[in-house]
Each structure stands twice: as structure tokens, then as C-alpha cells.
Amino acid sequence: MASGTTSSSEEHRQLKPAIYSILLALGDGEMHGYRIMKSLSDKSGGRERILPGTLYASLARMVENGMVEELDPPEGEVSGGPQRRYYRRTELGRVVARAESERLRALLELAVAQDLLPGIG
Amino acid sequence: VPGQLADRFFALLLKSFPCQQRTRYGPEMLDAFKRERMALVRDQGLWSALRFVVAAYRDVVVAGWSERRSEAGRPERTRLEGLFFGIWKDVKEATRSLARAWAFALVCLASLAIGLGINLAIVTLLWISLSPPPGVEVDGALDVVVTTRGLNLDEPWSFPDFEDVKRADTGMEVTGWVVGLRSLRTEDGADDERVSAMYVSANYFQTLGMGIAPGRAFVPEEDDVVGEPPVVVSFDMWENRLGADPQVVGRSLILNRTVHRVIGVTPRGFSGHAAGQDVDAWIPLWEHPRLNPGSDFRYDRSASWLQVLGRLEEGVESVQVNGALGAVMGGLAEAHPETNEIRGAQAIQYTKQGRGDEDWWIIKKIFLAMEVMALLIVSLNVAGMVLVRSATRERELALRMALGSSRLRLVRYLMTESALLAIIGGLLSLTVGWGSLRLLAWRIGQPFPGGLTLTLAAQSLAWSLVMMILIGLSPALKFSRPEILRALKDDGGVGGRRSSRIHRIATSLQAGVALPLLVITGMVLQSSQLLDEGDYGFQPHGLIVSTLDLAGEGYADEEVAPFMRRLRESVAALPGVESVSVADAVPLDYGRRDHRVSRAGEFEAARIPIQGTRATEGYFETIGTPILSGRGFQSGDVAGSEAVAVITESLAERLWPNQGALGQRASFSFDRRNYTDLTVVGIIGDVVGSSHESASANIFVSQWQNPTQRTNLVVRASSEDAALLSAVRGAILELDDDLTQPQVVTSQTLMDGQKGGIHDLSLFFGGISALMLFLAAIGVYGVVDFAVTNRTREIGVRMAVGASRSRVLILVLMDGVKLAIPGIAGGSLLAVVISQIILASMYDYFGRTAVVWTVLGLSVGAALGVVLLASSIPARRATGVHPIEALKGD
């Protein structure tokens, strides 16, 4: 078990919580940065939050790694501010999000077995 | 506006990102920040928005730095970044822990803000009053004064003496000056206004080392009479009365019916080279009425009226100058023994305060003493609170240590708390300092004095930091010592008593430090009360005075008496006027008239100090002082007839005890040189001199026999209403409508002017001592409250064995009093010493010694009262202790 944990954590060493959050917030939609911020806090019921600095630094990294792709804004979009880039999760992004979720599930199961999450299991 | 500021700051923080990313994502990041901020304000309120803003700031910096790091290929945090994050964490923790201990934080902040704020206000006031006027080059500038028998008696120069010194090679440049009032009429012929003019030698501005811009200073040729005299105006006059005219240089001004040409404007804020001068215009010395062609003053060495400033020439020392000056004056003494025999001169370092700098020295000392006390109280107060707090949180610290905090980490954590308090307290103190200066300026009715300077504000912040760090350091080191923490685990958390001895001493001192201030306040109040109640030997109500400077208005000596006589007649005819007289002073006008008198034929040592007034017929009736024997002045007491004097009862008793003074001969002089013998023709009731505390031994001589140019019309009227005052003013202008708007005031107004000063002074001291007492009260409260907490068990036991509530109350109250007594005793001693020093040096203000003991008693009472009041809050709490709960506590 010890070796398994190690390999899984090595695989995801680069996956920071912010990146995982963004991948989940994006889902299968196309969103601009501010929408991602809102979406994350809406979808998590306000428990999770990402702030502009981390958001854009992470997005830049994710575009570089191919986890998301950058799109032009849709026709006729009026932002009332600067022109906004849109982002979509790539296939790779989906795979990474899934791998991380698996890893977390394994940990969660452990927690449930120890009765740390009353109401589940 | 705050929102915009928040956005701007965010934009600034975006700079932590590498340039490329900033350009690419910056606008969007700012946009997202802005939208979220606004959404939060709208949906969840200001507090959530504020928390978001702070978090987003931190986030953008962290993310930006991390981007830069990975760009540079450095995965680790740099030491600087590590420090930043460490400090950030400390600050966050410290903020939370201070918010929990809000009472403690509040007391510390209040102490810092009030104490340092007062300190800042005092230092600023001192700084303003000590710094030379703008533009003056202080190095090498000299006050050149006349001495009599080697003593500096505040005497001015005669014109010929000044000219001789100016011509001689003394190694300094000298310039003459004298202040007078002029009337101003601008070209467009508006009403006359009074301006304060200074008559100066052409080299006045050079001697001060000042530049004049726009325009120029006087040039040497302007020391001689020229057709259209030049005038330099003050910045203030240029701005307020000449409409800030950019073309002012070359413009014409009419001063006392003479057209003057404006040649320059002084630097902003310059209104004369000495404190208290409020000069609007500088005009050539030769314009002074005393220097009219053919005037005697130009050649008269007995008439002293000119003041002199000097500047050392390059490479000359003031010792050399004084040597040369001595030689010149020695030569003059030989050549003109009748006037110059005992006269010398001295060049001393220029001070803005100029003459009377000894009074100033005392005021400076009082201010410095107050400053030290304020600092002392604050530091004692805060030190006490910090000690108490450290003691009460020993368990928390022990827990932290047990969880693996290093000692350094713990010290840093504690110090951050101190620093945080210091910074907030320091900033608050700036507000308090600024506010109290505003308040003072408003109260005195003067414009706000220059404001806080950056240096002084920084100094206040630095004080705050140094103080808090020193204070915080000792408990931080002490309580982070491992062996103490081990010991702590063994005893039940009462180890805090270790700190209480230092703390008790500190608090005790606080109660005492406020005492000297209370005593000073009491003395000031007492003297102001004496003013109201005193009987000064004359009737101030219904007394109206108009001071006329006829010399300044261009009157020749021989024209003064006829003018004043005519004026007296026309004012006497006004309805409501009971009597009119002419004199050079009235009681309590705070003029300067200290002279000496002796019995005729006695030598100099026997002369006693008195005040001398020039008066004329009807004067004593007019001021309301009874003539006890003999007569007052009569219209026949003029030049050429027998020289007469009227003296007060107590002077008669001093000069001729039990002999009857009428008909005796007294020797008196206005200039301390030319003594003349006078026959005493009348004795009047004792009447006060120029100030409330001046002795009532006074002499009066005939103004017609001792002419003077500055004189008063003194009127006794049935009322003091404005119509009468303006009727008197009208009567003066009817005789000469070119006179500068004459001031006509009631004698009460003159007295009130002085009393107002005393009231302001008492308000000032009173306010400060009240604040200090307040701080002391906070300190006492802290200690007693702490003691009650520590003694909860003991109190519980006492109550369990039957002590009544009132007994517990008294027990705790006595604790507070016992605490304060050593401090109050020490403070009383200090107060006595300080009040004696003040009494000795400021006799004019605090005339009566006896009151000090009463005032001291009251002050001690007040201090004890405050201590009791402060102890009563924890005492009430102690009576609420439930025995069972208290015993269960551990």
C-alpha cells in the first residue's frame, strides 16, 4: 500500500488544489475567468473560493500543460470591461481531474471507514 | 471612493506578476476583482467585501511571486519571501489575539494615542515657537543691545549712538529697526486700514540673510531721503490686502498720506524677525517721525528708541565684536559723559524670542517637563498592561511551546502584538496631536500653526515603536523561558503574581506623575479667580480708554499737548461722559512702566522699584481712586512750574514712614539716568500697577511736565455701550480725520485680554492633567482588576468564612489606595518643588504663594478620588464572587 500511495502522489505532484478546483468548476462548459470564480463558489455552496491572482496564474499554467484551451469570446459578447478570454476543459484536463478524484476517493473511503464522516457509509 | 482606492491598490499589487503575464491577464484580473468586490458589497455587506479584498490582495502577491519564481527556475521561497509570509502569519495571529483581548488593546491604544498625541502637540508647539522665521539665516545673526553699568536692562539705542556704532569698524554689520502703526490707503481710495510697519535701515534684510522675491530688498541709497519712498510688504499683506496681485512690484501704496512704491514681498510666513511681531510693511528708517529733518532725536543721545540687529562679518568671532563694541562705547562715554557715562553695549546670539528670553526659558522647561511626564505615564501604563496580559496568558504560551513553537517563534509572536499596537497607537496619536493643535488654535482664535511636520510625526511613530518593543521585550523573553513554563505546569496558573510588583510600582508612579500638573492647573485657575475677585483700588466699570500714538501719526512734540487738551474738552461735552483725563497708562493695561524712586538726595542704592505713570488733571477722579490728602494734578502743573508728584499710600509709608509725605521731595526718572527731584503734593489710595500682581506702591507725575508721544485719553462714563465708544471715536476723528482709525476700548477689555490668556493657559494645563489622570485611572483599574482576578480564591474563602460584601469592597478599595499612596506622596513632593520654581520665576502670573498648599490638598484629593473610582469597578466585581464557584475554579 505504501508504494501505491507514493506512485499516485508522484503522478499528481503538480496538481495543486487550485487547478483541481478550476477543472471542476469548468465542468463541460466554456467560461471566462470571473465566471469560473463564481461557478466554483456557487457549485460548492460557498465553501470553496478561488481568488483572481491564483485563478489566472493557474489558468496560464493549465493552458501551457494542455489541461484547458483558450477560446475567443463568443460573437456579440458584451463584457462591460476588458475583452475576456474563454476557457474549456480539454480531454487531458478531464483525465487529470478524474485521476485526482480517484485519489481523493481512496482517501475518503479511508476516512469513512474510520467513521470520520458521520452520515456517509 | 474607497472602492476605487481598493481597485487601484489591487492594480498596484498586480506588479508582483512577471511583466508578460501582467499584460496578458492583468486587465481581466482587475475586472474580476472589481466585479466580485461590488457583488459582495451588494449581496453580503461591507464586512465580507472587506475580507475578500484583503484576501485577494494577499493572493495576488503570493501568486505573482510564485510565477516569478518559476519563471526564474527557483522553486523555493527566498529568505525575504519566507520572512514576509512569517510576518503575515504573525500579524494575522496577533490581530486575532488582540481582538479577543479587546479591553487590553483598547487601554493600550488609548494610552498611546492620548499620551503620544499630547507629546506630539507639545513638541510641535515648541518647535514652531523656537524655529526662526522663514528666510532668516540664524548663523552669525546678533541682537545688539545697550547695557547700563554692564547690565542688560532691555534698553533701546539712541540714534546718534547707533550711527556711531554703524560707522565704526566692529567686525559686524548693524541695522536699526523700530515698529510703528501706519494707516494704509490703496490707490483705489478704499477706507483707511491700520498696518503695522517696521522702520528699518536699508541693510535690514541683508543683515537677516534674507532674500526678497518677487522684487528686491532695499539698497544702500535708500538709507537717504528719496522722493517716493520704497516699501517691502509681507506675503500675508500681499495675499490678503493687495489681492495677491502678481504685478505688485512697482505698484503704489499710500501710507500715512505718502505715496510709497512697492519694491518687494517677503517670504511666506515672515512677519518680522522676532516672536510676536506682526509686521505688514517695511519702510525706510528715515521715514520715522523722530528722524524728520530738524528733529532733535537725530542728535539726541538721551532719547533711546531704536533697536539694533547685527551680523558677524566673515571670519569674525562674537568675542572680537564685543571687544570692538566695548571700545566704541568707551569712546562715546568719554566724549558724551552726560548721557553715555554708564552706557555700554553687547552683541549676543540672535534668538527669535529676543528680549525677555528668560521667561521663555521657564516656559520651555515647563513644556519639556510635561512632555517627559506624558511619555512616562504612557510607558508605565502600557508596560503595566502588557505585564498583566503576559501573566494571564502563561497557559496559552505554555501550550504553544508544548505544541512545538520555538522560543524565537514565541518571542516573535509576542513582539508582533506589541508592534501592531505600536503602529496603530502611533497613527492614532497623530490624529490626537493634530486634533489638539486644531482645538488649541481654534480656542486661541489664531490660524492653525503650520501643522504637524513630517519629521515630528515620524518621531511620534518611532517613539511608539521603540516604547512598545522595549516594553514588549521583557515579558516576551521572560515568559518564553522554558524553565518558567515547566514551573507553570506545576502551579495553578497564578504565576502572574511575579510581575505584579513592577506593575504596582508603575501604577503608583502614574498616580503621582499627574499631581504636579494638577497643581500647576490649580495655580493658574486660582490666579484667574483672584483676577475676578480682587479690589485693585480703582473702578474699572465705565472706564474707557483710547491709546494714541501721536508720534507715529506725524505729530511734533509740541503739538501733542494742545491736541490732547482740545480732545479732552470735546469728549467731555459728550452725553454720558462724567469726566475725562489724559495719561500715558491706566491700571491693568499690561504696559511696561517699571522705574525707581528714592527720597531726594539719597544715593542710587536706596532707590526702590515702583511703577511710574504720567497723568494730568482729573485723572484720579476718572479712574476712581480716592485722593487721601493733598491734591491731584491741576492744569497749572506744566513745564516751568514746580515739578510735582502724587504717590500712593503705601509708597508714602515706605519712603517716609510715620513722617507725613506731603511736601517731601522724591527723586525719580523715567530713563534711569536723568533723575529729577519732585515735590509730593498728594497721596492717593493704593492702586494696582500695570498687572494684577504688581505692587501698589506707585508714583504719578504730570504728563505736561514729562511729555510723551504715546498717550491715552481716559474717560469715565455712565455706561460702556457701543454708541458711546463710537461717539468718542468720532470726537477724535473730528479733530483730525487723518488719524489712523483710533482704538477705543473699555478698561474691562484690556483686562479681559490678559485674563483670556490666563484662562487659555488653565484650560490647556487642565485638559492635559485631566487626560493624565484618566490614563492613571486606567492603570489603577488594570492593576486592581488583575489583583482581584488573582485573588478570586482568597476572596471566595473570606466570603465563605463569613466576610460581608462591604468588607470585601473595602478590602479591594484599600488595595487601590495603598497602591497609589507612595506615588501620590512622591508626586506631592515633586509638585511642591515645581510650584516653588514656577512661583519664583513667573511671579507676574502667580502672585500669591499661600494658595499652593490649598491647591496641593485639592489635587491630592482629586488623585485619590480617581484612584477610588477606578478601583470601585473591580471591587464591585469582587463582591459578586461566589464562594463555591471561586473554590471550584482550580
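This text gives an overview of the structure that appears in the document. The structure presented is a predicted model; accordingly, all values stated were derived computationally and were not measured. (Residues numbered from 1 in each chain as written. Chains lettered and ligands numbered in written order. Predicted model: local features only at pLDDT ≥ 70, side-chain atom pairs only at ≥ 80, totals over all residues. Heavy atoms only, no water.)

## Some thoughts on the overall build of chain A
Stage number 1. What chain A contains, in helices and strands, is five helices and three strands.
Stage number 2. Counted over contacts in chain A with a minimum sequence separation of 6, partners at least 24 positions apart contribute 53%.
Stage number 3. Accessible surface for chain A amounts to roughly 7,400 Å². Of this, 51% is attributable to carbon and sulfur atoms. (Helix = DSSP H or I, 4+ residues; strand = E, 2+ residues; numbered from the N terminus. Contact = heavy atoms within 4.5 Å. Areas by Shrake-Rupley, 256 points an atom, 1.4 Å probe, with all protein chains shown as cover.)

## So, the overall build of chain B
Stage number 1. For chain B, the helix and strand inventory stands at 25 helices and 21 strands.
Stage number 2. When the 890 residues of chain B are sorted by exposure, 51% land in the buried category.
Stage number 3. In chain B, 79% of the contacts between residues at least 6 apart in sequence involve partners at least 24 apart.
Stage number 4. With an accessible surface of roughly 40,700 Å², chain B has 59% of that area assigned to carbon and sulfur atoms. (Buried < 20%, exposed > 50% of the residue type's maximum accessible area, 1.4 Å probe, protein only.)

## Looking at the packing of aromatic side chains
Residue and element names in this part refer to chain B.
Stage number 1. All told, the structure shown has 17 aromatic pairs over all chains when counted by the stated rule.
Stage number 2. Both rings, one in Tyr-204 and one in Phe-205, keep their centres 5.1 Å apart while their planes meet at 80 degrees; by these two values the pair is edge-to-face.
Stage number 3. Residue Phe-205 is classed as buried on the basis of its relative accessible area of 0%.
Stage number 4. Members of the aromatic cluster, connected to one another through ring pairs, are Phe-9, Phe-10, Phe-33, Phe-52 and Tyr-57. (Phe/Tyr/Trp six-rings, centres within 6.5 Å; stacked < 30°, edge-to-face > 60°.)

## Remarks on the environment of Phe-297 of chain B
Residue and element names in this part refer to chain B.
Stage number 1. Here Phe-297 lies in the loop between β8 (281–284) and β9 (307–312).
Stage number 2. On the basis of relative accessible area, Phe-297 is assigned to the buried category, the value being 17%.
Stage number 3. With sequence-adjacent residues up to four places away left out, Phe-297 is seen in contact with Phe-159, Pro-160, Arg-290, Ala-303, Trp-305 and Asp-557.

## A few points about the environment of Val-586 of chain B
Residue and element names in this part refer to chain B.
Stage number 1. By secondary structure assignment, the location of Val-586 is in the loop between β12 (577–583) and β13 (594–599).
Stage number 2. Between the C-alpha atoms of Val-586 and Leu-750, which are 164 residues apart in sequence, the distance is 9.7 Å.
Stage number 3. Setting aside chain neighbours within four positions, we find Val-586 in contact with Val-545, Arg-593, Tyr-619, Val-714 and Leu-750.

## Re the pattern of salt bridges
Stage number 1. Counted according to the given criterion, the structure contains 28 salt bridges over all chains.
Stage number 2. The partner of Glu-30 of chain A in a salt bridge is Arg-88 of chain A, and the shortest N-O contact between them spans 3.0 Å. One end of the pair, Glu-30 of chain A, is in strand β1 (residues 30–32); the other, Arg-88 of chain A, is in strand β3 (residues 86–89), with 58 residues separating them in the sequence.
Stage number 3. Between Glu-67 of chain B and Arg-61 of chain A there is a salt bridge, and its shortest N-O distance comes to 2.7 Å. Of this pair, Glu-67 of chain B sits in helix α3 (residues 46–71) while Arg-61 of chain A is found in helix α4 (residues 52–65), placing the two residues in two different chains.
Stage number 4. Judged by relative accessible area, which is 5%, Glu-67 of chain B ranks as buried.
Stage number 5. Overall, the relative accessible area of 23% leaves Arg-61 of chain A in the partly exposed class.
Stage number 6. Shared partners join several salt bridges into a network, and the residues in it are Asp-161, Asp-164, Arg-167, Arg-301 and Arg-343 of chain B. (Salt bridge = Lys/Arg side-chain N within 4 Å of Asp/Glu carboxyl O.)

## Re empty space enclosed by the protein
All names here are of chain B.
Stage number 1. Taken as a whole, this structure holds five cavities of 30 Å³ or more when the rule is applied.
Stage number 2. Within this model, the largest cavity holds a volume of roughly 100 Å³.
Stage number 3. By residue number, the principal contributor to the lining of the largest cavity is helix α13 (residues 407–444), which donates four residues.
Stage number 4. Grouping the constituent residues of the lining of the largest cavity by class yields six nonpolar, three polar and three charged. (1 Å grid on protein atoms, 1.4 Å probe; cavity = no way out; pocket = protein on both sides within 12 Å on 5 of 7 lines; lining within 4 Å. Points joined across faces, edges and corners; volume = space filled by probe spheres on them. Nonpolar A, V, L, I, M, F, W, Y, C, P; charged D, E, K, R; others polar.)

## Here's the deal with the interface of chain B and chain A
Stage number 1. Taken together, the 22 residues of chain B in the interface contact 21 residues of chain A.
Stage number 2. Where chain B abuts chain A, roughly 1,900 Å² becomes buried across the two surfaces, and 55% of that area is made up of carbon and sulfur atoms.
Stage number 3. Interface area lost by chain B to chain A is led by Tyr-25, Glu-28 and Arg-35 of chain B, which between them contribute 32%.
Stage number 4. Arg-84 of chain A is the partner of Asp-31 of chain B in a salt bridge, and the nearest nitrogen-oxygen pair spans 3.6 Å.
Stage number 5. For the pair chain B and chain A, the number of links is nine residue pairs in polar contact (both at pLDDT 80 or more).
Stage number 6. Taken together, the elements giving at least two residues each to the side of chain B that touches chain A come down to α2 (19–44) and α3 of chain B. (Buried area = accessible area lost by both parts, 1.4 Å probe. Polar contact = N/O pair within 3.5 Å; in protein donor to acceptor, adjacent residues only side chain to side chain.)

## Let's talk about a nonpolar patch on the surface
Stage number 1. Together, Ile-423, Leu-427, Leu-465 and Ile-469 of chain B give the surface a local cluster of nonpolar side chains, amounting to about 310 Å² of exposed area.
Stage number 2. Topologically, Ile-423 of chain B is positioned in helix α13. (Patch = residues over 30% accessible without salt bridge, like charges linked within 9 Å, V, L, I, M, F, W, Y side chains within 5 Å.)

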